[in-house]
Amino acid sequence: MTVDLDKRRSGSLPSDVPTAQAAIEYAQQSEKLSHQAVQNQEHPDAVAVEARFVTPHDPIIVTADGSRLPGVPLEEAHKLNVLKEELSHNSLTEQPVEDVDDDTSNDEFTVAPHTNGKAIQRSSGGSLQRTMPPSHTNPLFPPLPLYGPPSTMRNIQCMLFRISSFFLSAAFLGVIVLGALFTSIPLVCSNVWVRMTGRDPDAQRPFYEEEARRNDIQKEQERLWRRRGSQTGATADDEHSRTDDKFFPTEGGPDPGVCDAGYYARRVGLDVEELEVQTEDGFIIDLWHVYDPKSYTKLNDEERSYRQPDLFTGENKTRRKDSEQKPKFPVLLMPGLLQSAGSYCVNDDDSLAFYLCKAGYDVWLGNNRCGFKPKHVLLDYADPRMWCWNIRQMGVFDLPALISRVLYETGFEKTGLICHSQGTTQTLVALAKEQRPDIGEKLTVFCALAPAAYAGPLIGKMYFKFMRVITPAVFRLMFGIHAFIPFMMTMHSVLPARIYGWLGYKVFSFMFDWSDRRWDRRLRDRMFQFAPVYVSSESMRWWLGRECFANHKCILQTREQSRTEEREDGTDGPLASIADHPAESATSEKLQSHHKRKPKGSTAWYNEQVCPFALWVAGKDQLVDGGKLLRRFANGREPHLKVVHSKILPDYEHLDVIWAMDAVDQIFTELRDVLWKTCNVREKCRVPHGCENVPAWVPGEGKSEVESDDWSSDSS
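Bear in mind that the values here come from a model prediction, so they are computed numbers and not experimental data. (Residues numbered from 1 in each chain as written. Predicted model: local features only at pLDDT ≥ 70, side-chain atom pairs only at ≥ 80, totals over all residues. Heavy atoms only, no water.)

Asker: I keep staring at the environment of D255 and nothing clicks. Help me out?
Answerer: Along the polypeptide, D255 turns up in the loop between α6 (238-241) and α7 (261-266). Relative accessible area serves as the criterion here: at 30%, D255 is assigned to the partly exposed category. In the structure, D255 is positioned 268 residues away from L523 in sequence and 9.1 Å away in space, judged by C-alpha atoms. With residues up to four places along the chain from it excluded, the contact list for D255 reads E222, Y263, Y264, R267 and R526. Among the polar contacts listed, one links the side chain of D255 to the side chain of Y264, at a separation of 3.2 Å. Here R526 takes part through its side chain, which lies 2.8 Å from a polar atom of the side chain of D255. (Helix = DSSP H or I, 4+ residues; strand = E, 2+ residues; numbered from the N terminus. Buried < 20%, exposed > 50% of the residue type's maximum accessible area, 1.4 Å probe, protein only. Contact = heavy atoms within 4.5 Å. Polar contact = N/O pair within 3.5 Å; in protein donor to acceptor, adjacent residues only side chain to side chain.)

Asker: Would you explain the sheet that holds strand β11 (residues 443-449) in this entry?
Answerer: Within a sheet, neighbouring strands are paired by backbone hydrogen bonds and run either parallel or antiparallel to one another. Taken together, the eight strands give an open sheet; going across it, the order is β6-β7-β9-β8-β10-β11-β12-β13, and neighbouring strands pair in mixed fashion. One side of each edge strand has no neighbouring strand; the edge strands of this open sheet are β6 (271-278) and β13 (643-649). Averaged over all pairs of adjacent strands, the angle between their axes in this sheet comes to 20 degrees, without regard to strand direction. One ladder, built from four bridges, connects strand β8 (residues 329-334) with strand β10 (residues 415-420); its direction is parallel. The residue bridging L332 from the neighbouring strand is L417, located in β10. Relative to the sheet, helix α10 (residues 391-410) contacts β6, β7 (284-291), β8, β9 (361-366), β10 and β11, its axis offset from that of β8 by approximately 155 degrees. Strand contacts of helix α11 (residues 422-430): β8, β10, β11 and β12 (613-618), with the helix running at about 125 degrees to β10, the strand carrying the most contacts. (Pairing = 2+ DSSP bridges. Axes fitted to C-alpha atoms, helices over the stretch in contact; angles between N-to-C directions.)

Asker: Looking at this structure, I do not really get helix α24 (residues 663-677). What am I missing?
Answerer: The α-helix winds at 3.6 residues per turn, so residues separated by three or four positions along the chain end up facing the same way. The first and last C-alpha atoms of α24 sit 20 Å apart over 15 residues, in line with the 21 Å expected at 1.5 Å per residue. Taken together, the buried positions of α24 are A663, V664, I667, F668, E670, L671, R672, V674, L675 and W676. (Expected span 1.5 Å × (residues − 1).)

Asker: Is there a simple way to think about the packing of aromatic side chains in this case?
Answerer: Any two aromatic rings considered together are summarised by their centre-to-centre distance and by the angle between their planes. Within the structure shown, the criterion is met by 33 aromatic pairs. An angle of 85 degrees between the planes, with centres 5.0 Å apart, marks the rings of W542 and W543 as edge-to-face. The class of W543 is buried, set by a relative accessible area of 9%. Among the aromatic residues, ring-to-ring pairing joins Y463, F464, Y505, F508, F510, F512, W514, W519, F528 and W659 into one connected group. Across from the ring centre of F510, 5.6 Å away, lies the NZ or CZ of K461, which sits over that ring. (Phe/Tyr/Trp six-rings, centres within 6.5 Å; stacked < 30°, edge-to-face > 60°. Lys NZ or Arg CZ within 6 Å of the ring centre and 35° of its normal.)

Asker: Where do I start with the nonpolar core in this structure?
Answerer: The tendency in soluble globular proteins is for nonpolar side chains to be buried as a group. Core analysis: the biggest nonpolar cluster contains 166 residues, and L332, L356, V363, L365, I418 and F613 have the highest contact counts within it. What F613 contacts, discounting residues up to four positions off in sequence, is L428, L431, V445, F446, F633, L641, K642, V643, V644 and H645. Formed by five residues, the second largest nonpolar core is a distinct cluster that contains L144, C158, C388 and I481. (Core = buried A, V, L, I, M, F, W, Y, C linked by side-chain atoms within 4.5 Å.)

Asker: How do you make sense of the packing of helix α4 (residues 152-196) against helix α15 (residues 497-512) when you look at a structure like this?
Answerer: Any two packed helices are characterised by the angle at which their axes cross and by the distance between the axes. Closest axis-to-axis distance for the α4/α15 pair is 9 Å, and the angle between their directions is 90 degrees. The angle between α4 and α15 falls in the class roughly perpendicular. Listed contacts from α15 to I176, V177, G179, A180, L181, T183 and S184 of α4 are W502, L503, K506, V507, F510 and M511. Here the contact of α4 with α15 is built from residues that sort into nine nonpolar, three polar and one charged. (Parallel < 35°, antiparallel > 145°, perpendicular 65-115°, else oblique. Nonpolar A, V, L, I, M, F, W, Y, C, P; charged D, E, K, R; others polar.)

Asker: Can you walk me through the pairing of β11 in this structure?
Answerer: Moving residue by residue along a regular strand, the side chains alternate between the two faces of the sheet. Most of β11 sits out of view: seven of its seven residues are buried. Pairing of β10 with β11, which is carried by six bridges, proceeds in the parallel orientation. For T415, the partnering residue across the bridge sits in β11 and is L443. For β11 and β12, the ladder comprises four bridges, and the chain directions are parallel. Paired with C447 across the bridge in β12 is A614.

Asker: Any chance you could explain the pattern of salt bridges here in plain terms?
Answerer: If the charged atoms of two oppositely charged side chains come close together, the side chains can form a pair. Under the definition given, this model contains 44 salt bridges. Its salt-bridge partner being E210, residue R213 comes within 2.8 Å of it at the nearest N-O pair. Of this pair, R213 and E210 both sit in helix α5 (residues 208-228), separated by three residues, roughly a single helical turn. Here E210 falls in the partly exposed class, since its relative accessible area comes to 24%. Residue K375 pairs with E276 through a salt bridge whose shortest N-O separation is 3.2 Å. In this pair, K375 is assigned in the loop between β9 and α10 and E276 in strand β6, connecting sequence segments 99 residues apart. A network of salt bridges, in which partner residues are shared, links D202, R205, E211, D516, R521 and R524. (Salt bridge = Lys/Arg side-chain N within 4 Å of Asp/Glu carboxyl O.)

Asker: Is there a simple way to think about the sheet that holds strand β1 (residues 48-55) in this case?
Answerer: The strand order across the open sheet formed by three strands is β1-β2-β3, and the pairing between neighbours is antiparallel. Lying at the two open borders of the sheet, with one neighbouring strand each, are β1 and β3 (68-69). On top of the sheet, helix α2 (residues 19-33) reaches β1, β2 (58-63) and β3; it is set at about 65 degrees to β1, its chief contact. Against the sheet, α10 contacts β1 and β2, and its axis sits at roughly 65 degrees relative to β2.

Asker: Any chance you could explain unusual backbone geometry here in plain terms?
Answerer: Negative phi characterises most residues that are not glycine, and trans characterises most peptide bonds. The peptide bond linking A531 to P532 adopts the cis configuration, its omega dihedral lying at 0 degrees. Note that P532 resides in the loop between α16 (524-527) and α17 (537-544). In this structure, C370 takes a positive phi of about 80 degrees despite not being glycine. For C370, the position within the fold is in the loop between β9 and α10. With phi around 60 degrees, D513 is a residue other than glycine that occupies positive phi space. Tracing the chain through its elements places D513 in the loop between α15 and α16. Residue class for D513 comes out partly exposed when judged on its relative accessible area of 39%.

Asker: In this structure, what is going on with the UniProt feature "transmembrane region" (unreviewed entry) in the chain? I would like to understand it.
Answerer: In this numbering, the UniProt entry assigns the feature "transmembrane region" (unreviewed entry) to residues 166-189. In residues 166-189, helix accounts for 100% and strand for 0%; the two terminal C-alpha atoms are 35 Å from one another. (UniProt positions renumbered as here; feature names shortened; annotations may be inferred.)

Asker: Can you walk me through the confidence of the model for the chain in this structure?
Answerer: Low pLDDT marks regions whose predicted coordinates should not be analysed in detail. In this model, the chain carries an average pLDDT of 82, and 80% of its residues clear a pLDDT of 70 or more. Here residues 233-244 is a poorly scored stretch, pLDDT under 50, and it has 17 contacts once near neighbours within four places are set aside; other chains count. When the criterion is pLDDT under 50, residues 573-595 qualifies, and its contacts beyond four places in sequence or with other chains add up to eleven contacts. (pLDDT = per-residue confidence, 0-100.)

Next up, the structure:
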């Protein structure tokens, strides 16, 4: 018979309740949350022993050998801790114990070595019962399902979901592909007609002449590379083929369209090393370091591998070839939805990653969990727990792990952060005061490109509405409980690069309503070699399902809260219409009086730990509404937040902020300056090229809100 835990803790049960009963319950709960069922387990050290609350809403499971398992529902994690506390209390009353400081925070840990060379985090906070879960669940982040260890029944259910989702999601993808091809017919016919009349359909592109000039240069570079043959040393031809005297290309010739950031780095005289980072819930994610091979020595395999998921400690030895030279200031870049960090490496010298590296920054490219190669310390691809995560886990676990590794490898206390689209979302979530606001103290500035905090009009398209209408059960039946439409990754591996790039552009353009008007079209196939990546169905359900973002149209407040703020700010129609009717004037006065009395900062998302923000908003972005975020700042909703730079680009679409041919002039130079302006250790770092006259920003000074002229434009 199971003993009621609440009654036991309150003392309403007799004190002679057998300790064995608690041991049995603890064993049952542990098995429920373990890597494998106890009776079938080959590795007993993988048994769940404790739940650690990284935030009040985000528990992780720690196994006996120090490995980690992804989070489980709050009540299940808390139950495991209560039962462990019961056993610990009963056993410790028979022997003296050291005093524990009750004021120590629960999220402070020390690392204790384990015999197998791994590490176990031991809480310095004393009682596990103090990690009580919240009494309510945030409606924006509903609980994730609980998948126990493998069993016959669970394996059958997983197989059924994989079979149903394979056919149903493939049918859904087929409809999207057919829709993309069908809507392309009018454009194809128009181009054919224009050519038949002796005109060039591309002549209306905004950078037509520049595209032609770059195409001629590329052909000449390919010709010179063929002449050079297999030689890797400098020749006379190199004086003409390289675009920068300081960086010597080690790859060249016609672009084969490969999914390799290092290959494109070597085409511009740089290189990339790949590191592995373990998150606090056990995922292994990829971190790419862009470097100049003339001034930096690549780490060896052991140094680039992942380690325990705790903060790195100790002094890292510099890998600069000239140790007397000042180090470069580090900057971390995070990609958007369905993209990898390779999206920052596809525009040759005009790629954001390569531009910043050559300007004089130490550039690190972060990816998110699963990516191109799903990896976990314990779980495999077929385990549904491998895919039980959404944007919250990406922000709370992935981002801190990447920042920690960058700071360790570079030896700095802070880094700059640049994000695009979904990368901005996970950062905005992670910095929130109820999530992991301490991240803000490790960042000099957060640069948001096409910030994704509010939904744009695209969320109302038919296929997005379909995902929002169906129930969570039907969503999982259609898209599974593992990866979201993994058939896309299969097509990536089997289709030729040119066909896949062309088809990828057509599909994503159809779904997200963007075009390549401002891109260098000769590089378009390359751009889509780094997308899509593996994402979880739960993550896509958070974006598009009926419960979360698609319903509330905001990442950190409900639809009702958004409407309340709109009424308070006078931007909501119903409040104005009420004031126009004399019979309802009294009600209007009461509402307005109530809104005036309520401090706007009371609904702030961020506290005093938040770092400065810089924002670049695409004026023609249909996917997200960056203008609403700027208006939130302009209306004083975030009193602790300082905006050091903001800009609306009226003619830009969602991807133009990283791929437009004029992005260097419109955005990248400003990014370069903002990073140096907010750098906290300018005297210790090498001054980036072009930043010699950029003044330093003094913390505590500057705007806490955006000037009205920055966001009131109709283009936003």
